[in-house]
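Architecture at a glance
Each chain, letter by letter, is given below.
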Amino acid sequence: MRKKVTLKQLARELNLSISTVSKSLKNDAEISQKTIIRVHELADFYNYKPNALAVSLKSNKTKTIGVILPEILNHFFAKALHGIEQEASERGYKIVTCITNESYDKEVGYVEMLNYSSVDGFIISLSQETQILNKLEHFKELKRDNVPIVMFDRVTEEIECDKVIVDDKKGSETAVNYLIETGCKKIAVITTIGDLSVAKLRLEGAKVGIQANDEISLVELSIKNTDSSEALIEQFLKDNTIDAVLGLDETAAAVSINMSHKLGYKIPEDISVIGFTDGLLAKYSYPKLTTVSQHAEDLGIKAARNLVDQLDNYEENYQNKTEIVKTSLIVRDSTY
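Quick summary incoming for the structure in this document. Since the model is a prediction, treat every value here as computed from it, not as a measurement.

1. Considering the packing of helix 2 (residues 18-25) against helix 3 (residues 33-45)
With their axes 9 Å apart at the nearest point, helix 2 and helix 3 run at an angle of 85 degrees to one another. Taken together, the axis directions place helix 2 and helix 3 in an arrangement best described as roughly perpendicular. Here T20, V21, S24 and L25 of helix 2 come into contact with helix 3, specifically with T35, I36, V39, H40 and A43.

2. Some details on the pattern of salt bridges
Evaluated as defined, the whole model comprises 20 salt bridges. R91 is the salt-bridge partner of E87, the closest N and O atoms lying 3.5 Å from each other. On the accessibility criterion, R91 (26% relative accessible area) is partly exposed. E137 is the partner of R144 in a salt bridge, and the nearest nitrogen-oxygen pair spans 2.5 Å. Given a relative accessible area of 53%, R144 falls into the exposed group. Using a relative accessible area of 37% as the deciding quantity, one classes E137 as partly exposed. Connected through shared salt-bridge partners, K61, E87, R91, R305, D309 and D312 make up one network.

3. Regarding the nonpolar core
With 23 residues, the main nonpolar core has I65, V67, I123, F152, V164 and L299 as its most contacted residues. Among the secondary structure elements, those contributing two or more residues to this core are strand 1 (64-69), helix 5 (75-90), strand 4 (149-152), strand 5 (162-166) and helix 14 (296-312). In terms of residues, this core owes the most to one element, helix 14, which gives seven residues. Contact partners of V67, with chain neighbours within four places excluded, come to L81, I84, I95, V96, T97, C98 and I123. With 19 residues, the next largest nonpolar core counts A188, A252, A282 and L289 among its residues.

4. Focus on the side chain of Q131
One can find Q131 in helix 7 (residues 128-133). Among the polar contacts listed, one links the side chain of Q131 to the side chain of S197, at a separation of 3.0 Å. The residues contacting Q131, other than those within four sequence positions of it, are L126, R154, V155, L196 and S197.

5. Structural notes on the sheet that holds strand 5
One open sheet holds the six strands; their spatial order is 2-1-3-4-5-11, and the pairing between them is parallel. What marks the edges here is a single partner per strand, and that holds for strand 2 (94-99) and strand 11 (322-325). Taken over all neighbouring pairs, the strand axes of this sheet differ in orientation by 15 degrees on average, direction set aside. Looking at chain direction, strand 1 and strand 2 are connected through six bridges and run parallel. Looking at strand 2, one finds that L69 is bridged to I99.

6. Some points on the packing of aromatic side chains
According to the stated counting rule, one finds three aromatic pairs in the structure shown. Between the aromatic rings of F45 and Y46, the centroid separation amounts to 5.1 Å while the plane-to-plane angle is 75 degrees, which identifies the pairing as edge-to-face. Taking the relative accessible area as the measure of exposure, F45 reaches 48% and is therefore partly exposed. For Y46, a relative accessible area of 22% corresponds to the partly exposed category. Plain terms: the ring middles of F77 and F152 are 6.3 Å apart, the flat faces sit at 65 degrees to each other, and that makes the pair edge-to-face. Separated by 75 residues along the polypeptide, F77 in helix 5 and F152 in strand 4 bring together distant segments of the chain. F77 sits in the buried class, given a relative accessible area of 2%. Taking the relative accessible area as the measure of exposure, F152 reaches 0% and is therefore buried. Here the aromatic residues F76, F77 and F152 are joined through ring pairs into a cluster of three or more.

Rules and cut-offs
Residues numbered from 1 in each chain as written. Predicted model: local features only at pLDDT ≥ 70, side-chain atom pairs only at ≥ 80, totals over all residues. Heavy atoms only, no water. Axes fitted to C-alpha atoms, helices over the stretch in contact; angles between N-to-C directions. Helix = DSSP H or I, 4+ residues; strand = E, 2+ residues; numbered from the N terminus. Parallel < 35°, antiparallel > 145°, perpendicular 65-115°, else oblique. Contact = heavy atoms within 4.5 Å. Salt bridge = Lys/Arg side-chain N within 4 Å of Asp/Glu carboxyl O. Buried < 20%, exposed > 50% of the residue type's maximum accessible area, 1.4 Å probe, protein only. Core = buried A, V, L, I, M, F, W, Y, C linked by side-chain atoms within 4.5 Å. Polar contact = N/O pair within 3.5 Å; in protein donor to acceptor, adjacent residues only side chain to side chain. Pairing = 2+ DSSP bridges. Phe/Tyr/Trp six-rings, centres within 6.5 Å; stacked < 30°, edge-to-face > 60°.

Given below as structure tokens:
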């Protein structure tokens, strides 16, 4: 195996200064074309690659972003990650992705690990446990170290940083208004993510949607343990007379469709169903699910763009901002 060659060794073999070799590799206009060709030929012969650590120490940047997500099996976060990677790559950055699986302890550990590894900044969506415990010291430490952070989707107002969020409240209000416009009067709001900030905003939006109409009633079911979701939703449907379900997450909506079928209800003739997140469950359920699309990929792109803009254009008195992504109602066969 050929030994890894250094910039210093190239310079010695070519009888040039290290600075001249470095500039030649970058095709600097100060260096003659003849010298640039000589340097590139020898670098190619040795398969020379710049020392990434040395480059990062010299520039004080690693061109690497730490991305911390609560889960990856969720179609929403998979799409968001795709957007993050796409934008980061186009801007010359690599990403290191860690999945907390909704654990506060894992989130703390990954923040510490990535910060120790000297990533340039973080893109984060909070774990469910972090939001429940509201323990945020690991992020406050990043802020004290002046490490740039962008939070997206699941965020907290207690940390001053850029945020990219979905207009969940308005999206839910729009969904309820659509159900009312299509003749629904007894609406159930069902969720398996009730402790999350996004679910609370969606519930607020649903309540706004029915406030102006005294004829509309709303009942709620919040499920803590998703392993029990089928049994709990089935019993809820037995105990309540409803003509519509707004699932505040895709799982709640999909299970509501399945349990409605099991109990002999027709969709949408007996019960209309709308869910959040336009993922695979929505597209392949029967009937296909009407959903509130949160444009996850755009969310990821915006989060990466905001962070890279901070990293590439440092401002001492930078003013943090919150960017809101509007939702879209995608009407399919589970509603009229």
